[in-house]
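# Topology and contacts: notes
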Amino acid sequence: MQAALIGLVFSGFVGLVFGDLVRVLLGVKSAFASAAVAADPERRAAMARVFGGLAVAFGLVGGAFGVAGARGKPRVVRVRVPIARLPAGLEGTTIAQISDVHVGPTIGREMLGRVVDRLNELGPDLVAITGDLVDGGKPEEYAFLRSLLAPLSMPLYLVPGNHDARDAMRAAFPEHAYLPPRGFLQYAVEGLPVRLLALDTLVDGRGHGEMCAERLGWLEARLAESDRPTLLFMHHPPFDCGISFFDGHKLNAGAGRLAEIVRRHPQVERVVCGHVH
């Protein structure tokens, strides 16, 4: 089995990476300036101007690269996912994951249209969008997103992220019968070579994610129903990724129990996340 991952490099990712560099530069500026102050106040002021200018420059370059990436050609990353118990006749099943499309001010018809066209060229068995479908959770954003996704020629499954709004999301896609009519947007997809379980990590109004007792209980009950090979789809990663901002806004609650549940259910083959762009 393989997953075709459509890698979209948005401004958030590059901006955050450059943001870390900016923080390093500012830290260096502070250290050097403090060491120099006793000897030469004028030297301190000059160094502050130099490092401050470098910080601004890095920020501007990072933003420019981010915007360029958001408007560029979609990049495909192919990841082969070995599943030991998958019947030989089902080898080659392909899942395409896209994530964090943030339909809104920066991403619109042109960019997502290219992604949809590329997906139709690839011809995967299904597409999963792992959160942050829109930027502001507004009904009009979801209506626009729906129109952009309409040309997709394969089944589509939606997972909420921290920029999404549950009620507006389900109202915009009424034909997606797998979406629960109320409560958390968690569901199981059956009838495929592997079983898909979608998890809702959204915390209203917050950037981090959570798996509360109710959501974790739902997952445990679904895993108890079948030992078929299973993939979990969720927005917030339950582990550090190495980017400071996202590490502070990952799955901040419930990750420990989630790990315990996964360890006790060996049919879980992979956990597929978004959020990190």
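The structure under discussion appears in the preceding block.
Described below are features of the structure shown in this document. (Residues numbered from 1 in each chain as written. Predicted model: local features only at pLDDT ≥ 70, side-chain atom pairs only at ≥ 80, totals over all residues. Heavy atoms only, no water.)

Moving on: the pattern of salt bridges. Per the counting criterion, the structure on display carries 14 salt bridges. Glu 225 is paired through a salt bridge with Arg 195; the nearest N and O atoms lie 2.7 Å apart. Taken as a pair, Glu 225 in helix α6 (residues 213-225) and Arg 195 in strand β7 (residues 195-198) lie far apart in primary sequence, 30 residues in all. Overall, the relative accessible area of 48% leaves Glu 225 in the partly exposed class. (Salt bridge = Lys/Arg side-chain N within 4 Å of Asp/Glu carboxyl O. Helix = DSSP H or I, 4+ residues; strand = E, 2+ residues; numbered from the N terminus. Buried < 20%, exposed > 50% of the residue type's maximum accessible area, 1.4 Å probe, protein only.)

It is worth spelling out the nonpolar core at this point. Tyr 142, Leu 145 and Leu 149 are the most contacted members of the largest nonpolar core, which has 44 residues in total. When residues of this core are assigned to their parent elements, the largest contribution, five residues, is made by helix α3 (residues 109-122). Not counting the four nearest positions on each side in its chain, Leu 145 is found in contact with Val 101, Val 103, Leu 112, Leu 133, Val 134 and Phe 173. Of all hydrophobic cores here, the second largest spans 14 residues; its members include Leu 199, Met 211, Trp 218 and Cys 273. (Core = buried A, V, L, I, M, F, W, Y, C linked by side-chain atoms within 4.5 Å. Contact = heavy atoms within 4.5 Å.)

Taken as a whole and judged by the stated rule, the model has one cavity of 30 Å³ or more. Roughly 60 Å³ of volume is contained in the largest cavity. Leu 126, Ala 128, Tyr 157, Leu 158, Val 159, Tyr 187, Val 189, Leu 196, Ala 198 and Phe 233 are the residues that line the largest cavity. Within the residue set of the lining of the largest cavity, elements represented by two or more residues are β4 (126-130), β5 (156-159), β6 (187-189) and β7. (1 Å grid on protein atoms, 1.4 Å probe; cavity = no way out; pocket = protein on both sides within 12 Å on 5 of 7 lines; lining within 4 Å. Points joined across faces, edges and corners; volume = space filled by probe spheres on them.)

This next bit is on the side chain of Asp 132. Within the fold, Asp 132 resides in the loop between β4 and α4 (139-149). Of the side chains with opposite charge, Arg 166 lies nearest to the buried Asp 132, which makes no salt bridge, at 11 Å. A polar side-chain atom of Asp 132 sits 3.0 Å from the main-chain amide nitrogen of Asn 162. At a separation of 3.4 Å, a polar atom in the side chain of Asp 132 contacts the side chain of His 235. What Asp 132 contacts, discounting residues up to four positions off in sequence, is Asp 100, Val 101, His 102, Pro 160, Gly 161, Asn 162, His 163, Asp 164 and His 235. (Lys, Arg positive; Asp, Glu negative; His and termini not counted. Polar contact = N/O pair within 3.5 Å; in protein donor to acceptor, adjacent residues only side chain to side chain.)

Let us now look at the sheet that holds strand β11 (residues 268-272). Across the sheet, which stays open at both edges, the four strands sit in the order β6-β7-β9-β11 with mixed pairing between neighbours. Of all the strands in the sheet, just β6 and β11 have a single pairing partner and so form its edges. If you compare each strand with its neighbour and ignore which way they point, the axes differ by 20° on average. The sheet contact formed by strand β9 (residues 230-233) and β11 spans four bridges and is parallel. Bridge pairing links Phe 233 to Val 272 in β11. The strands touched by α6 within the sheet are β6, β7, β9 and β11, with β7 carrying the most contacts at an inclination of about 170°. (Pairing = 2+ DSSP bridges. Axes fitted to C-alpha atoms, helices over the stretch in contact; angles between N-to-C directions.)

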